[in-house]
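Structural characterization, general
Below, each chain spelled out in residue letters.
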Amino acid sequence: MEPIVDRLTKDYRNCITLERVNYHAQTPLSEQIAPIGSPEFALLDSSGKILYRWFGVVERSEFDDVMQPLCTQ
């Protein structure tokens with residue numbers, strides 16, 4: 001997961017804040033997201049609403065298809 005998160009951080013750092021949430025930790029953010037599996041990625045809006053979720057092996061293009069339009073607005 002580290003290479004994926006590092007690339008997303010680099011590519012989208014100007015428009016999206018990325019935060020890593022430990023699947024096993026009980027934190028307010030993990031309770032809000034309620035992770036189903038691992039690895040899992042969730043895209044939330046500024047109010048905390050989940051906009052999109054990815055599970056398991058995710059191709060780079062799957063992230064880009066969702067995130068690029070958000071960064072070009």
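Notes on the structure follow.

Parameters at a glance
Residues numbered from 1 in each chain as written. Predicted model: local features only at pLDDT ≥ 70, side-chain atom pairs only at ≥ 80, totals over all residues. Heavy atoms only, no water. Patch = residues over 30% accessible without salt bridge, like charges linked within 9 Å, V, L, I, M, F, W, Y side chains within 5 Å. Areas by Shrake-Rupley, 256 points an atom, 1.4 Å probe, with all protein chains shown as cover. Salt bridge = Lys/Arg side-chain N within 4 Å of Asp/Glu carboxyl O. Helix = DSSP H or I, 4+ residues; strand = E, 2+ residues; numbered from the N terminus. Buried < 20%, exposed > 50% of the residue type's maximum accessible area, 1.4 Å probe, protein only. Contact = heavy atoms within 4.5 Å. Disulfide = S-S within 2.5 Å. Arc of directions from axis to C-beta.

Taken together, the side chains of L51, Y52 and L70 make up a nonpolar region of the molecular surface, amounting to roughly 260 Å² of accessible area. Among the secondary structure elements, L70 is positioned in helix α3 (residues 60-71).

Here E40 lies in strand β1 (residues 40-44). By relative accessible area, E40 is classed as buried at 14%. Excluding residues within four positions of it along the chain, E40 makes contact with I33, P35, R53, W54 and F55.

Next up on the list: the state of the cysteines. Within the structure shown, the criterion is met by 1 disulfide. Two residues, C15 and C71, share a disulfide whose sulfurs are 1.8 Å apart. Looking along the S-S bond of the C15-C71 disulfide, the torsion reads about 70 degrees, which is the right-handed sense. In this pair, C15 sits in the loop between α1 (2-12) and α2 (28-33) while C71 sits in helix α3, placing the two residues 56 residues apart along the sequence. When its relative accessible area of 38% is taken as the criterion, C15 is described as partly exposed. Look at C71 and you get partly exposed, because its relative accessible area is 26%.

We now examine α1. Buried within α1 are the following residues: R7, L8 and Y12. Down the axis of α1, the sector holding all buried residues measures 100 degrees, keeping them to one side. Set apart from the buried face of α1 by more than 90 degrees, the exposed residues are P3 and K10. In this structure, the buried side of α1 is in contact with α3.

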